[in-house]
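# Geometric and topological summary
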Amino acid sequence: MKSLQVVTPHMECIFNCPFCIAKGHKHNNVFVNNYLYNYDLWKNNLIKVINDNKDLKYVVITGTNEPMQSKECVNDIIDIVRGVNKDIQIELQTRYYKQDDIYNKLDVVAYSIANINLLKKIRPTGNIIRYVIIMTDTFNWYSLYEIIKLIPKNVKQITFKRLIDTNGVNKKVDDYILNHKINDDTLYKLKDDIQKYSGELSIRLDMECMHCEGRYKIFRENGKLYNNWEEL
Ligand code: SF4
């Protein structure tokens, strides 16, 4: 296993993104919060997973809500991972745009951005900054080069992410995605531009971000390891 996603304890998200895939799991994200109720078990299991997987290169801190709502947990995950293997690259996935010292403790800060108007407004910080562009219709008719022009110079990586529907689990989310996903013409043009791009930025298109098999495993707040987001 090269990559592990470590999930902060679930709580109601401070944001309410209409395309939120976390609202589309049948299990409703109900896992025992052993980070809170049995910290030693949670911590020892995380250490064991890291020790058992000598090929682990990346830890991605994420959540079924905004992970910065559990800043203490984010900090603990960083300290535990660094304490076991300092060569592992640690990334935080966040929609929390306010500056915070914790961002400087991470290798990568990946800012999720779902509206073109936000590209210029965020003042990102961190060692390596990635913009994760959630492809809503606000990006319609923008070319890759027009988007790059709107991005601050300290951003080094861009990932374009397709909106993923819940396959009928959450009709409201699915309806939103149907009506607000980027249009096909813009998507095909972006794909083409990304393939031809030869500039300094690292740019990729992620069409299957929730597809774990062969890519990563998930360590939840109950201290257990999962193969995919639906597994109970
Ligand atoms: S910030 Fe993330 S978890 Fe929270 S509502 Fe938005 S997509 Fe969902």
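One structure accompanies this document, and this report is about it. Remember, it's a predicted structure, so these values are computed and weren't measured experimentally.

What counts, and where the lines are drawn
Residues numbered from 1 in each chain as written. Predicted model: local features only at pLDDT ≥ 70, side-chain atom pairs only at ≥ 80, totals over all residues. Heavy atoms only, no water. Helix = DSSP H or I, 4+ residues; strand = E, 2+ residues; numbered from the N terminus. Axes fitted to C-alpha atoms, helices over the stretch in contact; angles between N-to-C directions. Parallel < 35°, antiparallel > 145°, perpendicular 65-115°, else oblique. Left-handed = near helix turned anticlockwise from the far one by under 90°. Contact = heavy atoms within 4.5 Å. Nonpolar A, V, L, I, M, F, W, Y, C, P; charged D, E, K, R; others polar. Core = buried A, V, L, I, M, F, W, Y, C linked by side-chain atoms within 4.5 Å. Buried < 20%, exposed > 50% of the residue type's maximum accessible area, 1.4 Å probe, protein only. Pairing = 2+ DSSP bridges. Right-handed = clockwise from strand over helix to strand, strands pointing away.

What follows deals with unusual backbone geometry. One non-glycine residue, Asn28, lies in positive phi territory at about 60 degrees. Take Asn28: it is sitting in the loop between β1 (3-8) and α1 (34-37). You will see that Asn167, though not glycine, has its phi angle at about 60 degrees, which is positive. Secondary-structure assignment places Asn167 in the loop between β6 (155-161) and α5 (171-180).

Two numbers describe how helix α2 (residues 39-52) lies on helix α3 (residues 71-84): the axes approach to 10 Å, and their chain directions differ by 40 degrees. Classed by the angle they form, the pair α2 and α3 counts as oblique. For the pair α2 and α3, the sense of crossing is right-handed. Counting all contacts with α2, which are made through Tyr39, Trp42, Lys43, Leu46, Ile47, Ile50 and Asn51, the residues of α3 involved are Cys73, Asp76, Ile77, Ile80, Val81 and Val84. Tallied by class, residues from the contact of α2 with α3 come to 10 nonpolar, one polar and two charged.

Right, let's get into the nonpolar core. In terms of nonpolar packing, the biggest core is built from 49 residues, with Val59, Ile61, Leu119, Tyr131, Ile147, Phe160 and Ile203 touching the most fellow members. Top element by residues in this core is α3. It accounts for six residues. Not counting residues up to four positions away in its chain, the partners in contact with Val59 are Leu4, Val6, Ile77, Val81, Ile88, Gln89, Ile90 and Glu91. Within the second largest apolar cluster, 10 residues are counted, among which are Phe19, Ala110, Ala114 and Ile134.

In this section: the pairing of strand β2 (residues 58-63). Here β1 runs beside β2; their pairing, made up of six bridges, is parallel. Bridge pairing in β2 links Leu4 to Val59. A crossover links β2 with its parallel partner strand β3 (residues 89-94), the connecting element being α3, and its sense is right-handed.

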